[in-house]
Amino acid sequence: MEIFKGTATFSGIAIGKILYYSRGEYQIRQSMAGSVKKEILAFRDASLHAAADLKSQYEEKRLLNQQEAYAFFRQIELLESESFRRAIEDCIKSEKVNAAYAVMLNRDEMTETFRGLEASFIAEKLEDIREISGCLIRILGGSSARINLGDEPVILVTESLSPTEIMEMDKNRLLAVVMHHGSADSHTSIVAKTMEIPTLVDVMADDEWEGRTAIVDGYTGTLYIDPDEEVLKEYKLRLEADRKEKEALLRFRDETDETADGKKIGLYANIGNMSDLNNVLYYGAAGIGLLRSEFQYLGRESAPRESELFQTYKKLAEVMGDRPAVIRTADLGADKQAAYLDIPEETNPIMGNRGIRLCLDREKLFRAQLRAIYRASAYGSLAMMYPMISSEKELDEIEAIIREVKEELTGKKVPFRDIETGIMIETPAAVMIARELAKRVDFLSIGTNDLTQYTLAMDRQNPLLKDKYDDHHPAILRMIRMVVDAGHQEGCRVGICGEIAADTQLTETFLRMGVDFLSVVPACILPVRKALRETDLGRE
Ligand code: PEP
Ligand code: MG
């Protein structure tokens, strides 16, 4: 047995086989379909090929194993069904995407729709959809599906992962992630946390571990390779205890978010994309406090079109219903890059053209997002907030664009609501002008991850600074108090959406400061709800 120590960025225990991942494995990229007709023909051609292949496999198996042969028969039926063909062709037409990408979108949508339904015929159908989609994508030259984790769930070991890479993985096949690079507040770790994957960073990854059995202890930051029988036995018990503890917390799922003395608090979820919505509903979050909308812009060849954004936000609004859902406008740049953005090389991207600066610089991109948000606002309780604000001038520019967007929609008789707006407080400048900013919006949301890096002048992703980067620094706590006071003086709600919001050791401190809402990854909703319900603000 070998033991390695790293830093745990999300707790939990995992036992399984290691898959060593090195970049360059296959991924499907969306590319603008040069010609819709060409992509539809390519899809039909691939379907014929796939059907012929399945038919020959069916013939081969028919006399040997009826049950296996029947699976091929089912898949042929599905592949040749009018509804399957139409779903993909409609997607190519409406989204103007290539055939492989349309097949993938359809597969993901079906998986999402049927997720959690127990009936065995549904599991069978999903398996068939995955099989034939994988087959079509291979024929279409888009390789298999995203990053292939294989059939059995694995512990993924790697040098480093980008937020997009982890986001594209099938979380049902991912037991844990162990990386050499990264930090607790890096976006990759945040995505892993949102997906509820125990994660360690700062472990020297070795490709020789491939296929070996391992244990990840996401409480102590320990990785065991080829664990002894005794250790394995102990961790199996701990895994079960961990599961029970999480299950016990489920009794808080339907409880309200109020302190023991009756103060109501907003407890919301931070999410990266629509697949996280299941967990938001599962844990009973009162709303979405932060949708990191930029993730929809990553891992692709071109920016999402307004229609695609609209569909996503509409679904978000409809699923959340009366519960608020705050879309943060795209916080691109810095560590969230896409080639098509073509951001000139910067000496210091963290302090570069990112967040709201980039959006105001790329007005067309920003307008498309704002229009999509306003159009979707008619379907639920959406709100939006802006990242990385450092001056009132930025707000002047945003407000001018919003005015035009609203006029345009009104002119075209497109329904929309006058949604609430908010500002992320992530720069020391925003803290200092919090009162002026609060006059102009409905809420302020403190992003302590970036606020810490800009206040301490320490890159939040730099593993060398892991013992120094401290989001509990007295300067940060004092700034939170300053922003709460400033916001309240202007009748503006103030909350926290940085990682620190989930620290239950600080729940009481935040509530005593007067924080109105906390927004945390879905998996932390219940522990924080428990903590705030146990807090009695009437007690000295
Ligand atoms: C933050 O900076 O605290 C925040 C919530 O935004 P992100 O982590 O996406 O930068
Ligand atoms: Mg931030």
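Right, let's walk through the structure included here. (Residues numbered from 1 in each chain as written. Chains lettered and ligands numbered in written order. Predicted model: local features only at pLDDT ≥ 70, side-chain atom pairs only at ≥ 80, totals over all residues. Heavy atoms only, no water.)

**Description of the overall build of the chain**
Okay, step 1: Helix and strand content of the chain: 19 helices and 16 strands.
Okay, step 2: Rg of the C-alpha trace for the chain: 24 Å, near the compact-globule value of 24 Å for 540 residues, within the 12% margin.
Okay, step 3: The principal-axis extents of the C-alpha atoms in the chain amount to approximately 80 × 70 × 50 Å.
Okay, step 4: The 540 residues of the chain split such that 53% are buried.
Okay, step 5: In the chain, of all internal contacts separated by at least 6 residues, the share reaching a separation of at least 24 is 70%.
Okay, step 6: Summed over all atoms, the accessible surface of the chain reaches about 24,100 Å², with 50% contributed by carbon and sulfur.
Okay, step 7: Side-chain charges of the chain comprise 70 positive and 91 negative groups, with the mean position of each set lying 4 Å from the other. (Helix = DSSP H or I, 4+ residues; strand = E, 2+ residues; numbered from the N terminus. Rg over C-alpha atoms; globule rule 2.2 N^0.38 Å. Buried < 20%, exposed > 50% of the residue type's maximum accessible area, 1.4 Å probe, protein only. Contact = heavy atoms within 4.5 Å. Areas by Shrake-Rupley, 256 points an atom, 1.4 Å probe, with all protein chains shown as cover. Lys, Arg positive; Asp, Glu negative; His and termini not counted. Charge placed at Lys NZ, Arg CZ, Asp CG, Glu CD.)

**Considering the sheet that holds strand E14 (residues 443–446)**
Okay, step 1: With respect to topology, 8 strands assemble into a closed barrel ordered E9-E10-E11-E12-E13-E14-E15-E16, the strand pairing being parallel. Going from strand to strand, the sheet's axes swing by 25° on average, the running direction of each strand aside.
Okay, step 2: Summarising the sheet, strand E11 (residues 325–328) and strand E12 (residues 382–386) pair through 4 bridges and their orientation is parallel. What sits directly across from isoleucine 327, in E12, is methionine 384.
Okay, step 3: Sitting on the sheet, helix H12 (residues 363–376) touches E11 and E12, and the angle it makes with E12 is about 155°. (Pairing = 2+ DSSP bridges. Axes fitted to C-alpha atoms, helices over the stretch in contact; angles between N-to-C directions.)

**Some points on unusual backbone geometry**
Okay, step 1: Even without being a glycine, glutamate 196 presents a positive backbone phi close to 65°.
Okay, step 2: Checked against the element boundaries, glutamate 196 lands in the loop between helix H7 (187–194) and strand E6 (199–201).
Okay, step 3: Phi angles above zero are rare outside glycine, and aspartate 226 is one such case at about 45°.
Okay, step 4: Residue placement: aspartate 226 occurs in the loop between strand E8 (222–225) and helix H8 (229–249).

**Section: the site of ligand 1**
Okay, step 1: Taken together, 15 residues surround ligand 1, and among them Arg292, Arg328, Gly447, Asn449 and Arg460 come closest.
Okay, step 2: Glutamate 426 is positioned such that a nitrogen or oxygen atom in its side chain is 2.9 Å from an oxygen atom of ligand 1.
Okay, step 3: Interatomic distance of 3.1 Å between a backbone N/O atom of threonine 448 and an oxygen atom of ligand 1.
Okay, step 4: About the coverage of ligand 1: the protein hides 100% of its 290 Å² of free accessible area.
Okay, step 5: Counting only elements with at least two residues in the shell around ligand 1, the list comes to H7, strand E10 (288–292) and helix H16 (448–456). (Near = heavy atom within 4 Å. Polar contact = N/O pair within 3.5 Å; in protein donor to acceptor, adjacent residues only side chain to side chain.)

**Examining the sheet that holds E6**
Okay, step 1: Spatially, the 8 strands line up as an open sheet ordered E1-E8-E7-E3-E4-E5-E6-E2, and their pairing is mixed. With partners counted over all chains shown, the strands left at the sheet margins are strand E1 (2–5) and strand E2 (7–10), one partner each. Within this sheet the neighbouring strands show an average axis-to-axis angle of 30°, counted without direction.
Okay, step 2: The sheet contacts of H8 involve strand E3 (13–21), strand E7 (213–217) and E8, and relative to E3 the element is tilted by about 110°.

**Re the side chain of aspartate 257**
Okay, step 1: Inspection of the secondary structure assignment puts aspartate 257 in the loop between H8 and strand E9 (266–271).
Okay, step 2: According to the relative accessible area criterion, aspartate 257 is buried, its value standing at 9%.
Okay, step 3: Within the structure, the side chain of aspartate 257 is placed 2.5 Å from the side chain of arginine 529, a separation counted as a polar contact.
Okay, step 4: The contacts of aspartate 257, once residues within four sequence positions are left out, are Lys263, Lys264, Ile265, Leu267, Ala286, Arg529 and Leu532.

Purely spatial values, then, with no claim about function.
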